Structures are given as C-alpha cells and as structure tokens.
Amino acid sequence: MTDYTVHPSAIVDEGAKIGAGSRIWHFVHICSGAEIGQNCSFGQNVFVGNRVKIGDNCKVQNNVSVYDNVYLEDGVFCGPSMVFTNVYNPRSLIERKSEYRDTLVKKGATLGANCTVVCGITIGRFAFIGAGAVVNKDVPDYALMVGVPARQIGWMSEYGEQLNLPVQGEGRAICSHTGAVYTLSDGRLSKSEETRSA
C-alpha cells in the first residue's frame, strides 16, 4: 500500500521516493533514484529520471521528461510538452553522461507549454516562462520571459499576474488579487512583507 496514487499503466521503479498525496497518471515512468515531494501531479506520458529531485506541490503536465540533473523546488509548474535538456552539445556518437549540467527551477516558477529550458541555468523564484520560449540563460526571480531566445518583458506576481512595472529602473506595484507590495530596485524585484488593500 502507498499513500500516493499510481495509474495501472504507470511504471514506478523500486527505490523511487514519492511523497504522500502525489498522483501519477497514465504511462508515466518514474526511475528508481527519483525523489518526489508531497502532493505532486504527473500527467500522461511523463518521464522522471534517476538524478532528479522534485519538491512539494509541483505539477508536471503531459509529455514532459524531467531528465537527470534537473531539480524543481516546491510549487513548480511544468506546462504540457515543455522540454528540459541536460547535455549542452549532444552528439549521438559521443558519450557525454559525465558532462550533464545542473538545471535548477526555484520555488513557484511557471514553465509554459512547449517552452525549452537549456541545461545549466537557474530559473528564479516565481519566474514565468511564456509558451514556446527558449531559455538559455539564468532568469531572475519574478521575471516574465518570452520569445526565442527568451527575453524579459516584465515582472509577475506570486499570484501569476503581470505587474505594472518597467523591466529596468525603479518602482512599486501592488498585486490586485492579494494586496502584496512588490518593489523594483537595481534590476531586482522583491516582495515586501507589507500588504495593502487592493
């Protein structure tokens, strides 16, 4: 008996660590070395490699492969068919397993449908990667990224709404849903402990 849900068509290799309340749907394969937190959801046809750590409350949508050396903190959303890599310059005829590069996706980040995350980078807390973007460099906390290659066009609240702030410069914005106050300074966005009524 387990305290997580596994569809009969899924394969969970012996040794995988999976937290309570997680849901593993059709045709998923979880490798033996994977470490998965609580209350995660894995959609149809997801693959999770051996050297992978996934935090609590993550959602990995259909057709996503989370390869070795990819690390997801709590609350990460991986949209349908988005892509991770772990080798920067792959060749079929050359063995490069010793050259895997770590990819870290920090707490609360959203990776939109069909986006690609090139290995060896860090995506900041609550960053938002638009659908179809190709991310090939580190992404700041709260940044809104779109395009090929991805470029920053704004800032997102933790609630998931674009804030009325310039990409560069100084400013303050209030999330209309939560009242949280965000401050932009020196190219970085931070969330204040104070809140104001929206």
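The name given to the protein in an unreviewed UniProt entry is N-acetyltransferase, with Neisseria zalophi as the source organism. In the Sequence similarities (unreviewed entry) part of its UniProt record, the protein is described as follows: "Belongs to the transferase hexapeptide repeat family."

A sheet is described by the order of its strands in space; here three strands give the open sequence β14-β17-β20, paired in parallel fashion. A single partner strand is all that each edge strand has here, and the edge strands are β14 (83-84) and β20 (134-135). Sheet topology places strand β17 (residues 116-117) next to β20; two bridges connect them, and they run parallel. Bridging across to β20, Thr-116 finds its partner in Val-134.

On to the sheet that holds strand β11 (residues 65-66). The sheet built from four strands is open, its strands ordered β2-β5-β8-β11 with parallel pairing. On the outer flanks of this sheet lie β2 (11-12) and β11, each paired with one strand and no other. As defined by bridge partners, strand β8 (residues 47-48) adjoins β11 across two bridges and the pair is classed as parallel. Its bridge partner being in β11, Val-48 is matched across the sheet by Val-66.

With respect to the helices and strands, the residue Ser-22 is situated in the loop between β3 (17-18) and β4 (23-24). Of note is the side chain of Ser-22, whose polar atom sits 2.9 Å from the backbone oxygen of Gly-37. Ignoring anything within four residues of it in the chain, the contact list for Ser-22 reads Tyr-4, Thr-5, Ile-36, Gly-37, Gln-38, Asn-39 and Cys-40.

On to the packing of aromatic side chains, then. Using the criterion set out here, one finds three aromatic pairs in the structure. Here Phe-126 and Tyr-142 contribute two aromatic rings whose centre-to-centre distance is 5.9 Å and whose plane-to-plane angle is 10°, an arrangement assigned as stacked. Of this pair, Phe-126 sits in the loop between β18 (122-123) and β19 (128-129) while Tyr-142 is found in the loop between β20 and β21 (143-146), placing the two residues 16 residues apart along the sequence. Given a relative accessible area of 3%, Tyr-142 falls into the buried group. Look at Tyr-142 and Tyr-182: their rings are 5.5 Å apart centre to centre, the planes differ by 80°, and that puts the pair in the edge-to-face class. With Tyr-142 in the loop between β20 and β21 and Tyr-182 in strand β24 (residues 180-185), this pair connects stretches of sequence that are 40 residues apart. On the basis of relative accessibility, which here comes to 1%, the residue Tyr-182 falls in the buried class. Through successive ring pairs, a cluster of aromatic residues spans Phe-126, Tyr-142 and Tyr-182.

Within the structure shown, the criterion is met by three salt bridges. Arg-96 serves as the salt-bridge partner of Glu-99, at 3.5 Å between the closest nitrogen and oxygen. Using a relative accessible area of 39% as the deciding quantity, one classes Glu-99 as partly exposed. Arg-96 sits in the buried class, given a relative accessible area of 17%.

This paragraph deals with the state of the cysteines. A complete count under the given rule lists zero disulfides for this structure. Here Cys-78 stays free of any disulfide, with the sulfur of Cys-58 as its closest cysteine sulfur at 7.1 Å. No disulfide involves Cys-119; its nearest neighbouring cysteine sulfur is the one of Cys-115, lying 14 Å away.

Definitions and limits used
Residues numbered from 1 in each chain as written. Predicted model: local features only at pLDDT ≥ 70, side-chain atom pairs only at ≥ 80, totals over all residues. Heavy atoms only, no water. UniProt positions renumbered as here; feature names shortened; annotations may be inferred. Pairing = 2+ DSSP bridges. Helix = DSSP H or I, 4+ residues; strand = E, 2+ residues; numbered from the N terminus. Polar contact = N/O pair within 3.5 Å; in protein donor to acceptor, adjacent residues only side chain to side chain. Contact = heavy atoms within 4.5 Å. Phe/Tyr/Trp six-rings, centres within 6.5 Å; stacked < 30°, edge-to-face > 60°. Buried < 20%, exposed > 50% of the residue type's maximum accessible area, 1.4 Å probe, protein only. Salt bridge = Lys/Arg side-chain N within 4 Å of Asp/Glu carboxyl O. Disulfide = S-S within 2.5 Å.

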